[in-house]
Amino acid sequence: IYLIAFAGFTSFSWLFPVVPYYASSLGLNAADVGLIVSIYSYMNAAAILPCGILSDRWGRRTFLITGLTLSTVIPLIYPLAGDVFTLCVVRALHGLGSAVFIPTALAIVTDVASPETRGRVLGWYTASAQLGLMAGPAAGGFLLQQFGFQVAFYGCSLPPLLGLIFISSR
């Protein structure tokens, strides 16, 4: 789960440096760029609690795979979004993917940890997530600078795809 957390959080943060430049390149104003950037977090905040509850009810594996699948597919749609509304919809769906993934991955970690090891296990999980949050913007920014928007967006799909491959092999 540590590798999957790293992959998920890398993907979530990958587009942090990319989306504002993309929105600006479309000629959008600062208020629109701010909305587009923040809509991801709005959706995540609104959906994370219900997604955690539903993962308790319908199963962790299903929700983990769903979150990773959304995080793999949604970045492929960004290059097709050429206006404020469409970009907001894509960002919101991307935020939903993280809302499905985050509480589920954390619940899996706490499910498998004994009371005696829970602190250490959560520490490793958090370290994996934070390393992903550091790796994502660096990778996204690098790909944007070197190869442009499409490669940066498509590259964002790779970490969750690797997470899906890893979890599917288990």
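Residues numbered from 1 in each chain as written. Predicted model: local features only at pLDDT ≥ 70, side-chain atom pairs only at ≥ 80, totals over all residues. Heavy atoms only, no water.

(A) Here's a closer look at the nonpolar core. Residues Leu15, Ile36, Tyr78, Leu87 and Phe153 are the most contacted members of the largest nonpolar core, which totals 20 residues. Secondary structure elements with two or more residues in this core: α2 (18-25), α3 (30-58), α5 (84-112), α6 (118-147) and α7 (149-156). Of all the elements, α2 adds the most residues to this core, at 4 residues. Those residues within four positions of Phe153 in sequence are excluded, and the remaining contacts are Leu15, Val18, Val19, Tyr22, Pro75, Tyr78 and Pro79. Counting residues in each nonpolar core, the second largest holds 17 residues, with Ile4, Leu68, Ala113 and Ile167 among its members. (Core = buried A, V, L, I, M, F, W, Y, C linked by side-chain atoms within 4.5 Å. Buried < 20%, exposed > 50% of the residue type's maximum accessible area, 1.4 Å probe, protein only. Helix = DSSP H or I, 4+ residues; strand = E, 2+ residues; numbered from the N terminus. Contact = heavy atoms within 4.5 Å.)

(B) Quick peek at the environment of Ser98. Following the sequence through the fold, Ser98 ends up in helix α5. The exposure class assigned to Ser98 is buried, which follows from its relative accessible area of 1%. In this structure, the C-alpha to C-alpha distance between Ser98 and Ile4, residues 94 residues apart in sequence, is 13 Å. Sequence-distant contacts of Ser98, that is, excluding residues within four places in its chain, are made with Phe12, Tyr40, Asn44, Ser71 and Pro103.

(C) Focus on the state of the cysteines. For the coordinates displayed, the defined rule picks out 0 disulfides. With no disulfide of its own, Cys156 lies closest to Cys88 among cysteine sulfurs, the gap being 17 Å. Given a relative accessible area of 0%, Cys156 falls into the buried group. (Disulfide = S-S within 2.5 Å.)

(D) α6, seen in detail. The terminal C-alpha atoms of α6 lie 42 Å apart, and with 30 residues this matches the ideal 44 Å at 1.5 Å per residue to within 8%. Those residues of α6 that sit buried are Val121, Tyr125, Ser128, Ala129, Gly132, Gly136, Gly140, Leu143 and Leu144. On its buried side, α6 packs onto α1 (2-14), α2, α5 and α7. Immediately downstream of α6, the backbone of Gly148 shows phi near 100 degrees, a positive value. (Expected span 1.5 Å × (residues − 1).)

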